[in-house]
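Residues per chain, in single letters:
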Amino acid sequence: MAKILVFAEHNSGTVKGVTFEILGKLSSHTLEVVAFDGLSDDGVAELGKHGATTIHKIKGEGLDTYSPEGYANALKEVISSGSYDYVFAGSTSLGKDLFPRVAGMFDAGMISEVVEINFDGETFKGTRPLFAGKVLATVELDGPKPHFVTVRPNSIGMPDSAAGGSANVVDVTGNAGSIRAVVNEIIKGASEKLDLTEASIIVSGGRAMKNSDNFKILHEMADVLGATVGASRAAVDSGYADHSMQVGQTGKTVAPTLYIACGISGAIQHLAGMRTSKVIVAINTDPDAPIFQKADYGIVGDLFKVVPVLTEELKKLMN
Ligand SMILES: Cc1cc2nc3c(=O)[nH]c(=O)nc-3n(C[C@H](O)[C@H](O)[C@H](O)COP(=O)(O)OP(=O)(O)OC[C@H]3O[C@@H](n4cnc5c(N)ncnc54)[C@H](O)[C@@H]3O)c2cc1C
């Protein structure tokens, strides 16, 4: 049984889903959680239910808003105090920014973007995609502990049940140290919906959308499904969608349960960002579009006819 610390990232108190995916998968190990101040009572209770025995809640000057240096310095203190074997976090935008820095402070190994977690006794053996998802590598870490691992959101899946108890909350006064790069402002993204990397359903539009107004039909379907809207690079470059919505090699890497590609050809660079989606549905007028080779379900047809009909049928099903 390994001793593991999990970083619980939260958004205004609400813990990000990937934290529960990680805790659920690691439930046979000794689990502690570290989070920055602002965690809601519900969040604390949920973390306990998902197996956290202790939650280290860090509060301190300079730690009200995220800064990579301040968070890393404060995390270092907690990590050093616990003789952990592994420290896990979500491979979110923040996790990707923060964790290489923290691992560097310990001169320790790190594996990022893990999509499968396995243990051989106390030794972690993970799987991570390489070469834009064309290869899956089995990876393990060597050298001084703790080792650091970030997990791609939605890749492990939520645990079926949460049978833990309540966690012991320890308040920690964090020391942000000297912060050279200060975050002055956080500007909200174009969408109020869940970030693409965390969404379990994504409806994406490509160049075939023709303009930004037409994305309205995708938003209508997304509202019915509780989905987030994404886009191909061609749609983004044409000004139909914001860059924060881009899926692919130079956009976001997503792994939702359901990915609906509307008027997207399926270029290799787009597939690189969504090929690990559990179920892929493609709507395209061209029966030979490469996206159909990757799709689990394909509709050959005009998206402007198919999407509104699907939305109406989904409304009936969801009611
Ligand atoms: C270095 C590099 C990085 C890149 N990074 C990315 C990236 O991150 N993400 C990304 O997406 N691309 C990326 N690209 C671009 C990529 O190569 C493709 O050009 C792009 O994905 C094409 O977008 P698309 O499928 O929307 O457009 P198109 O390839 O033009 O496809 C449009 C599709 O819509 C179909 N269609 C047309 N009308 C309709 C209709 N009415 N109903 C239904 N279907 C219709 C067509 O049959 C066609 O298949 C990158 C390219 C390079 C070189």
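Please read these numbers as outputs of a predicted model, since none were measured by experiment.

(A) Highlighting the packing of helix H5 (residues 215-225) against helix H9 (residues 303-318). Between H5 and H9, the least distance of the axes is 9 Å, while the angle of their chain directions is 15°. Taken as axis vectors, H5 and H9 run roughly parallel relative to one another. Where H5 crosses over H9, the handedness of that crossing is left-handed. Residues Ile-217, Leu-218, Glu-220, Met-221, Val-224 and Leu-225 of H5 form the contact with H9, whose participating residues are Val-307, Pro-308, Leu-310, Thr-311, Leu-314, Lys-315 and Met-318. In terms of residue class, the contact of H5 with H9 is built from ten nonpolar, one polar and two charged.

(B) A look at the nonpolar core. Grouped together as the largest cluster of nonpolar side chains are 48 residues, with contacts concentrated most on Val-6, Val-33 and Phe-88. Here this core gets six residues from one element, more than from any other, and that element is helix H3 (residues 68-80). Dropping the residues within four chain positions of it, Val-33 is found in contact with Val-6, Ala-8, Leu-47, Ala-52, Ile-55 and Ala-167. If you look at the next biggest cluster of nonpolar residues, it comprises 41 residues, including Met-209, Ala-222, Met-245 and Val-307.

(C) Molecular detail of the site of the ligand. Close to the ligand lie 28 residues, the nearest being Gly-206, Ser-232, Arg-233, Ala-234 and Gly-248. Where the shell around the ligand is concerned, the elements lending two or more residues are helix H6 (233-237), helix H7 (268-274), strand E16 (279-284) and H9. Looking at the shell around the ligand, its residues break down into ten nonpolar, 14 polar and four charged.

(D) The arrangement of the domain arrangement of the protein chain in detail. The assigned domain composition of the protein chain is domain 1 (3-173) and domain 2 (201-318). Listed per partner, the contact involves seven residues of domain 1 and six residues of domain 2.

(E) Just the sheet that holds strand E9 (residues 123-130), in detail. Judged by pairing direction, the sheet is antiparallel, and its three strands sit side by side in the order E8-E9-E10 without closing on themselves. The open sheet is flanked by strand E8 (116-120) and strand E10 (135-139), the only strands paired with a single partner. Averaged over all pairs of adjacent strands, the angle between strand axes in this sheet comes to 25°, irrespective of strand direction. Two elements, E8 and E9, share five bridges in a ladder whose sense is antiparallel. Counterpart to Asp-120 in the pairing with E9 is Thr-123.

(F) A look at the environment of His-147. Take His-147: it is sitting in strand E11 (residues 147-151). Classification of His-147 by C-beta neighbours within 10 Å gives buried; the count is 24. Through-space distance from the C-alpha of His-147 to that of Phe-124 is 9.3 Å; in sequence the pair is 23 residues apart. Aside from chain neighbours lying at most four places away, what touches His-147 is Tyr-86, Ala-108, Gly-109, Phe-124 and Leu-141.

(G) Inspection of the sheet that holds strand E1 (residues 3-7) at higher detail. If you walk across this open sheet you meet the seven strands as E7-E11-E6-E1-E4-E5-E12, and the pairing is parallel. Only two strands of the sheet have a single neighbouring strand rather than two, namely strand E7 (110-114) and strand E12 (168-173). Strand after strand, the sheet turns through a mean of 20° between neighbouring axes, direction not considered. Pairing of E1 with strand E6 (residues 86-90) involves three bridges; the strand directions are parallel. The partner of Leu-5 across the bridge, within E6, is Val-87.

The rules we used
- Residues numbered from 1 in each chain as written.
- Predicted model: local features only at pLDDT ≥ 70, side-chain atom pairs only at ≥ 80, totals over all residues.
- Axes fitted to C-alpha atoms, helices over the stretch in contact; angles between N-to-C directions.
- Helix = DSSP H or I, 4+ residues; strand = E, 2+ residues; numbered from the N terminus.
- Parallel < 35°, antiparallel > 145°, perpendicular 65-115°, else oblique.
- Left-handed = near helix turned anticlockwise from the far one by under 90°.
- Contact = placed C-beta atoms within 7 Å.
- Nonpolar A, V, L, I, M, F, W, Y, C, P; charged D, E, K, R; others polar.
- Core = buried A, V, L, I, M, F, W, Y, C linked by C-beta atoms within 7 Å.
- Buried ≥ 20, exposed ≤ 12 C-beta atoms within 10 Å, placed from the backbone.
- Near = placed C-beta within 6 Å.
- Domains from an automatic or database assignment.
- Pairing = 2+ DSSP bridges.

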